[in-house]
Amino acid sequence: MAYSLDQHQVAQLRELVGAGIDGIGDVALDVDQVAVHELSPQIAGVVADLGLTGVRVTAPPRIPLPTPYHLDVRAFESALRSELWASVAGCAYELRQGGRTVFSGSVQDARMAGDSTAGVPAVPWTTQERMHVASCSKLVTAIAMTRVLAEHGIAASTPVAAYLPDYWVKGPNVGRITFAQLMTHTSGLGTAATTASDFPLMKSRVADGVAVAPAYLYQNLNFGLCRILVATVNGDVSPALRVGLGLDDVVWDSATLNAYVAYVEQNVMGPAGVSGTELGYRVGHALGYPFPRKIPGFASGDLRSWVGGVGWHLSVDELLRVMGTLRRAGTILPPAAAEVMLGRTFGVDSVISTRAGVIYEKTGWWVDGVRIQHSVALFLPEDMELVILANSGFGVPNANMLGRVSALYQECLKEQPRFPSGPTVVPAFVYAVEQDGDLLWYRHDGAETGGGIATWRGPATVGVGWGTAAHVFPAGGDALYLIDTEGRLWWYEHKGFNTGDGLGSPDGWAGPRQVGHGWGDAARVFSGGDGVIYVVDTEGRLLWYRHHGVASGEGLETPGSWSGPREVGVGWGTALHLFSTGGGVIYAVMPDGTLRWYRHDGFVDGRGLDSPGAWSGPVDVGSGWADVTQVFSRGAGVIYAVMPDGTLRWFCHDGYRTGAVQWRGPVDVGTGWDAFSTVFALLPREPSPVR
């Protein structure tokens, strides 16, 4: 219904707004807007937006150990395009990896010529064309809700009742409902097969209360309530707000709507480079049709009063920008927090395990009989995102494309070659020694971009009995070194480095082979890659060794298998941490937290201070590193730091070759890494098996 104010009410409200209403912050409250605001709007058509209710999506069984599968992009593009041309009235779609377009395409028109508005020409589908994304709006709201909770130090497990309007009646068990339950449709609020989320309905459902143990029930009002909670948690609207005059509902609705939209535009859309977003239909937006098209399309209209669970009009490009920025940039949420949000299914419908990793799925419907607006947003493995906006159902009325698209993706996963040829993105192969001595393997496919949890594979237990070693460190390529308590140096080759094959595989390992002795006096030891070992002795001298047998495990019994030791530096004993990124580049973390860069230009042959040009640096390239507990590199300037709370932090020193202060990061890419006594990554070797 339209909320109509008489002239006296309008005058009173204008006077209140002019004087400033206690309980409303900087939120603009437009009296003229309130005067015509619709608390319970009439939406054209029979609208249904029930997410995955009644939709069967079958997930393959979870695979205990990661398998080296990747997406055959060309096959997937061909299969997806063929499926869409045969099944929708029109659509636009795009796949991105690391924020860059892999492929995109379109089918037919977003709206037919003259449809709904005479004289308006046909609008072809493009990735810039906006459509009502329906329940994909919930993803936007979940992002905003997660961020505002983090900003105010509130856990998602916190009950929401204290942040709802004080004047609302709270029915049975409403005091138990948490933010997390709203964002996962487990609050129990609402009624099956209903979709509305206008203010009076939400107020009524809260008054009705819920069962003691609410079950999953997909309801738009869960995210409509989040729209209100974004405003109250952020302090834009006080739960105690009352204006009287019979205007509480309409003022609350308008004020929280404006606060929510402003927060989303500034903190979700803004960081993603998305502007001018809309909550209503504009001429030229995509319409909804049946498949095949036989009747004119329909527009979803102005959905401001239902916003939160539905309402946002976005393009394929804009939705991908939001998803990519959330996942990688760290400007909406830290990437690790974003992965936790998705893993807890806040704002997404389901999590599916595939042979290549985890898919986070979100779909949206907006239905008027057989005319449908249909959206699909997928966070895919390998740092990919896919968005499809279609203006019909999928093949037949009310069929959901989500399950078919997920199936196509899985059909196009191919086994990855053991050693990929040609230019590829080099992962980081990370090893961790647990307190019980197990050696764990991880693979970080997001090593070059700071990808989050979805870009990791593992852990896989690839060895046992490593906990008694005095030192464990990389040798270069797929080889590792271990110094035991008797000072013996052992060489291992992890042939299963690419897949995580370990002791259970006959080809998982070569070695161990003893390649040296007398290493027990090494106070500190670290690898330079390519068989180079640096030792800091008790006097702070830096000693250089090179194992020319690093590729095969040849040791002291083979003439010419070693060079060194050679003294190449002094005064290295004061550093808190020492590590190399390969190629002679060495970093030292100093007691004051300074990160210091050196380049040992005598890296290949062991030239030291007595040789002009043997060293470049030192150069101070960073600060604030004193609190890291472990730090290591996988080469090429990619650096990982374990923080005291167990967070694994990624950096990339783009200036690693010259000492230039050029950095990317930090990005939080993992948690729980404080449980390991030793953590390191494979370092380069020439020629290298690690590509």
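Within every chain, residues take consecutive numbers counted from 1 along the sequence as written. Selection of residues for local features in this predicted model requires a pLDDT of at least 70, selection of side-chain atom pairs for listing and counting requires 80 or more, and totals for whole chains, interfaces and linings are taken over all residues. By convention in this description, side-chain values take in all heavy atoms of the structure and omit both hydrogens and water.

**Some points on the overall build of the protein chain**
Counted only if it meets this: Strands are runs of DSSP state E lasting at least two residues, helices are runs of H or I lasting at least four, and both sets are numbered from the N terminus onward. The classification of residues rests on relative accessible area computed with a 1.4 Å probe and restricted to protein chains. Under 20% of the type maximum is buried, over 50% is exposed, and intermediate values are partly exposed. Throughout, a residue-residue contact means that at least one pair of heavy atoms, one from each residue, lies within 4.5 Å.
Counting its regular elements, the protein chain contains 11 helices and 32 strands. With 691 residues in all, the protein chain has 59% of them scored as buried. Relative to all contacts within the protein chain whose residues are 6 or more apart in sequence, the contacts with residues 24 or more apart total 65%.

**Examining the packing of helix 7 (residues 220-233) against helix 8 (residues 248-269)**
Note the cut-off: Only C-alpha atoms enter the line fits that serve as axes; for helices the fit covers just the stretch in contact. Angles between N-to-C directions range over 0 to 180 degrees. Just so you know how the angles are binned, under 35 degrees is roughly parallel, over 145 roughly antiparallel, 65 to 115 roughly perpendicular, and the rest oblique. Ten residues, namely Ala, Val, Leu, Ile, Met, Phe, Trp, Tyr, Cys and Pro, are considered nonpolar, four, namely Asp, Glu, Lys and Arg, are considered charged, and the remaining ones, Gly among them, are considered polar.
In the contact formed by helix 7 and helix 8, the axes pass within 8 Å of each other and the chain directions differ by 80°. Relative to helix 8, the element helix 7 is oriented roughly perpendicular. On helix 8, the residues that touch Arg 227, Ile 228, Val 230, Ala 231 and Thr 232 of helix 7 are Trp 252, Asp 253, Thr 256, Leu 257, Ala 259, Tyr 260 and Tyr 263. The residue makeup of the contact of helix 7 with helix 8, split by class, is eight nonpolar, two polar and two charged.

**What about the sheet that holds strand 22 (residues 542-547)?**
For clarity, the cut-off: At least two bridges found by DSSP between two strands are what make those strands a pair.
With antiparallel pairing, the four strands of this open sheet are ordered in space as 20-21-22-23. Because the sheet does not close on itself, it has two edges, and the strands there are strand 20 (524-529) and strand 23 (562-569). Adjacent strand axes in the sheet meet at a mean angle of 25°, parallel and antiparallel pairs treated alike. Inspection of the sheet shows strand 20 paired to strand 21 (residues 532-536) by five bridges, in the antiparallel sense. By the bridge assignment, Arg 524 is partnered in strand 21 with Val 536.

**Some remarks on the pattern of salt bridges**
Counted only if it meets this: Every case where a carboxyl oxygen of Asp or Glu lies within 4 Å of a side-chain nitrogen of Lys or Arg is listed as a salt bridge.
Enumeration according to the criterion identifies 31 salt bridges in this entry. Between Asp 537 and Arg 541 there is a salt bridge; the shortest N-O distance is 2.6 Å. Residues joined by salt bridges that share partners form a network here, namely Arg 327, Arg 328, Glu 339, Asp 383 and Glu 385.

**Concerning helix 7**
Spelled out, the test is: Helix span, as expected, comes to 1.5 Å for every residue beyond the first.
Given a rise of 1.5 Å per residue, 14 residues ought to cover 20 Å, and the 20 Å separating the end C-alpha atoms of helix 7 matches this to within 8%. Note on helix 7: the residue one or two positions beyond its end, Gly 235, has a positive phi of about 85°.

**Let's talk about the confidence of the model for the protein chain**
For the record, the criterion: How sure the predictor is of each residue is captured by pLDDT, a score from 0 to 100.
Mean pLDDT for the protein chain: 85, with 89% of residues reaching 70 or above. Put simply, helix 2 (residues 31-35) is where the protein chain has its lowest mean pLDDT, 70, and strand 25 (residues 585-589) is where it has its highest, 97. Under a pLDDT of 50 for its full length, residues 417-424 has, in the predicted model, nine contacts with residues more than four places off or in other chains.

**Here we look at unusual backbone geometry**
Cis geometry marks the peptide bond from Gly 511 to Pro 512, where omega comes out at 10°. With respect to the secondary-structure elements, Pro 512 resides in strand 19 (residues 509-516). Cis geometry marks the peptide bond from Gly 617 to Pro 618; its omega dihedral reads 5°. Note that Pro 618 resides in strand 27 (residues 615-622). The backbone of Asp 530 sits at a positive phi, close to 55°, despite the residue not being glycine. Counting through the fold element by element, Asp 530 comes out in the loop between strand 20 and strand 21.

**Quick look at the side chain of Ser 137**
Residue placement: Ser 137 occurs in helix 4 (residues 137-151). Aside from chain neighbours lying at most four places away, what touches Ser 137 is Gly 308, Gly 309, Val 310, Gly 311 and Trp 312.

**Side note on the sheet that holds strand 24 (residues 577-582)**
One open sheet accounts for four strands, arranged 24-25-26-27; its pairing is antiparallel. Whereas interior strands pair on both sides, the edge strands pair on one side only; in this sheet they are strand 24 and strand 27. Each neighbouring strand pair of the sheet contributes to a mean axis angle of 25°, computed without reference to strand direction. For strand 25 and strand 26 (residues 595-600), the ladder comprises five bridges, and the chain directions are antiparallel.

**Description of the pairing of strand 25**
Most of strand 25 sits out of view: five of its five residues are buried. Of the two faces of strand 25, the one carrying Val 585, Tyr 587 and Val 589 and the one carrying Ile 586 and Ala 588 are both buried. Here five bridges tie strand 24 to strand 25, and the two strands are oriented antiparallel to one another. Note on strand 25: the bridge partner recorded for Phe 579 is Tyr 587.

**Quick look at the packing of aromatic side chains**
Pairs of aromatic rings are described using the distance from one ring centre to the other and the angle between the two planes. Quick reminder of the rule: What counts as a ring pair is set by centres within 6.5 Å for rings of Phe, Tyr and Trp (its six-membered ring), and what kind of pair is set by the plane angle: stacked under 30 degrees, edge-to-face over 60, tilted for all other angles.
A full pass over the atoms with the stated rule returns 31 aromatic pairs. Summarising the aromatic geometry, the rings of Phe 473 and Tyr 481 are spaced 5.5 Å apart at their centres and angled 50° between planes, so their arrangement reads as tilted. Looking at Phe 473, the relative accessible area reads 4%, which means it is buried. Arranged with centres 5.1 Å apart and planes meeting at 15°, the rings of Phe 579 and Tyr 587 form a pair that is stacked. One aromatic cluster in this structure is built from Tyr 442, Trp 456, Phe 632, Tyr 640, Trp 673 and Phe 676.

**Concerning helix 4**
In this model, helix 4 (15 residues) spans 21 Å end to end at C-alpha, consistent with the 21 Å of a helix rising 1.5 Å per residue. Burial of helix 4 is extensive: 13 of the 15 residues sit out of reach of the surface. Phi for Gly 153, located one or two positions after helix 4, is positive at around 65°.

**Description of the environment of Val 348**
As for its position among the elements, Val 348 is in the loop between helix 10 (335-343) and strand 8 (350-354). Taking the C-alpha atoms as reference points, Val 348 and Met 183, separated by 165 residues in sequence, lie 8.6 Å from one another.

**Observations regarding the pairing of strand 14 (residues 439-444)**
With six of six residues buried, strand 14 lies mostly within the body of the structure. Relative to strand 14, strand 13 (residues 428-434) runs antiparallel, the two sharing six bridges. By the bridge assignment for strand 14, Tyr 431 is matched with Trp 441. Count of turn residues in the strand 13/strand 14 antiparallel hairpin: four residues, of which Gly 437 carries a positive phi of about 95°.

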